[in-house]
Amino acid sequence: MSAFIQQLPALIGVVVGALGSYLAITRGDQARFRREQEARWEERRLETYAEYARSLKKSVTLTYRIAAHLGNDPHPHPLSPEEAAPHLAAANDGRDPAGEALLMLGTRDVVDRARVWVVTVLEMEQFLRERTHDPEAWSVLLEKQRTAREGYYAAVRRDLALPPGHSGQWQPAPPPRSPS
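Below you will find a few notes about this structure. (Residues numbered from 1 in each chain as written. Predicted model: local features only at pLDDT ≥ 70, side-chain atom pairs only at ≥ 80, totals over all residues. Heavy atoms only, no water.)

1. So, helix H4 (residues 135-159)
- Spanning 25 residues, H4 covers 36 Å between terminal C-alpha atoms, matching the ideal 36 Å at 1.5 Å per step.
- All of the buried residues along H4 are Trp138, Leu141, Leu142, Gln145, Ala148, Arg149, Gly151, Tyr152, Ala155 and Val156.
- Ala161, located one to two residues past H4, shows a positive phi value of around 55 degrees. (Helix = DSSP H or I, 4+ residues; strand = E, 2+ residues; numbered from the N terminus. Expected span 1.5 Å × (residues − 1). Buried < 20%, exposed > 50% of the residue type's maximum accessible area, 1.4 Å probe, protein only.)

What follows is the structure in structure tokens.
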């Protein structure tokens with residue numbers, strides 16, 4: 001019996017060490033699982049945010065082209081409303097599932113900013129459905145759309161902890177000077 005009592009502290013040390021190792025490994029595995037799961041969801045959110053932006057941008061590009069046909073926009077490739085109708089319908093069909101995914105995975109701020117952007121695009125589409133010829137009013141809508149898009153991208157960057165990005169507003173290059 002005295003040999004057992006002499007060995008008891010060593011045996012307790014082995015049990016405590018094994019229990020400590022088990023707890024450390026379990027905690028490490030749980031932390032790694034949470035990090036991996038968070039990274040997967042972050043990748044999915046980024047994919048969802050980008051897909052929504054692409055789907056909305058298709059509609060925006062079509063509105064530029066229709067506006068050019070109506071004399072409101074300088075887009076180099078005008079498109080009549082009749083020719084654009086099936087393309088707009090396809091763009092809207094693609095936007096709906098992207099919007100649903102956005103509602104499911106997006107943060108409240110991103111979804112709110114996406115709503116502002118899409119409502120502005122809908123206003124642009126309505127302006128064109130009425131076949132309005134008013135370049136000044138169109139210019140105001142364009143600026144509103146650009147601001148809404150910039151707000152959406154800023155919200156996405158905040159959500160994903162990305163650095164600030166470009167505003168997306170390009171200044172056209174000045175025309176080349178002719179030699180005098």
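2. A closer look at the nonpolar core
- Among the nonpolar cores identified, the biggest contains 33 residues, and Tyr52, Leu102, Trp117, Trp138 and Tyr152 are the most heavily contacted of them.
- Elements supplying a minimum of two residues to this core: helix H1 (2-69), helix H2 (81-105), helix H3 (108-129) and H4.
- Excluding residues that lie within four positions of it along the chain, Trp117 makes contacts with Ala53, Leu56, Val60, Gln145, Ala148, Arg149, Tyr152 and Tyr153. (Core = buried A, V, L, I, M, F, W, Y, C linked by side-chain atoms within 4.5 Å. Contact = heavy atoms within 4.5 Å.)

3. Topic: a nonpolar patch on the surface
- There is a patch of nonpolar side chains on the surface, built from Phe4, Ile5, Leu8, Leu11, Ile12, Val15 and Val16 and spanning about 640 Å² of accessible area.
- Tracing the sequence through the fold places Val16 in helix H1. (Patch = residues over 30% accessible without salt bridge, like charges linked within 9 Å, V, L, I, M, F, W, Y side chains within 5 Å. Areas by Shrake-Rupley, 256 points an atom, 1.4 Å probe, with all protein chains shown as cover. Salt bridge = Lys/Arg side-chain N within 4 Å of Asp/Glu carboxyl O.)

4. Digging into the side chain of Thr48
- The topology assignment puts Thr48 in helix H1.
- Side-chain polar atoms of Thr48 contact the backbone oxygen of Arg44, separated by 2.9 Å.
- Once residues within four sequence positions are removed from consideration, Thr48 is found in contact with Ala101, Leu102 and Leu105. (Polar contact = N/O pair within 3.5 Å; in protein donor to acceptor, adjacent residues only side chain to side chain.)

5. Things to note about H3
- For H3, which comprises 22 residues, the first-to-last C-alpha distance of 31 Å matches the rise-based estimate of 32 Å (1.5 Å per residue) to within 8%.
- Among the residues making up H3, those that are buried are Val110, Val111, Ala114, Trp117, Val118, Thr120, Val121, Met124, Glu125, Phe127 and Leu128.
- The positive-phi residue at the C-terminal boundary of H3 is Arg131, with phi of around 55 degrees.

6. Details of the pattern of salt bridges
- One pass over the structure, following the stated rule, counts seven salt bridges.
- Measuring nitrogen to oxygen at the nearest pair gives 3.0 Å for the salt bridge that ties Arg45 to Asp159. Of this pair, Arg45 sits in helix H1 while Asp159 sits in helix H4, placing them 114 residues apart in sequence.
- Between Arg158 and Asp109 there is a salt bridge, with its nearest N and O atoms 2.7 Å apart. Highlighted residues: Arg158 in helix H4 and Asp109 in helix H3, separated in sequence by 49 residues.

7. A look at unusual backbone geometry
- Although it is not a glycine, Arg131 sits at a positive phi angle of roughly 55 degrees.
- Among the secondary structure elements, Arg131 is positioned in the loop between H3 and H4.
- Accessibility expressed as a relative area gives 43% for Arg131, which makes it partly exposed.
- The phi dihedral of Ala161 is positive, around 55 degrees, even though this residue is not glycine.
- With respect to the secondary-structure elements, Ala161 resides in the segment after H4.

8. Observations concerning the packing of aromatic side chains
- The tally for this structure, following the rule as stated, stands at five aromatic pairs.
- Arranged with centres 5.4 Å apart and planes meeting at 40 degrees, the rings of Trp117 and Tyr152 form a pair that is tilted. Of this pair, Trp117 sits in helix H3 while Tyr152 sits in helix H4, and the two are 35 residues apart along the sequence. Here the two residues Trp117 and Tyr152 agree in accessibility, since each one is buried.
- Ring plane angle 35 degrees and centroid distance 5.6 Å describe the contact between Phe127 and Trp138, whose orientation is recorded as tilted. Of the two residues, Phe127 sits in helix H3 while Trp138 sits in helix H4, which places them 11 residues apart along the sequence.
- An aromatic cluster is present here, built from Tyr52, Trp117, Tyr152 and Tyr153 joined pairwise through their rings.
- Here the basic side chain of Arg44 rests over the ring of Trp41, its NZ or CZ set 5.1 Å away from the ring centre. (Phe/Tyr/Trp six-rings, centres within 6.5 Å; stacked < 30°, edge-to-face > 60°. Lys NZ or Arg CZ within 6 Å of the ring centre and 35° of its normal.)

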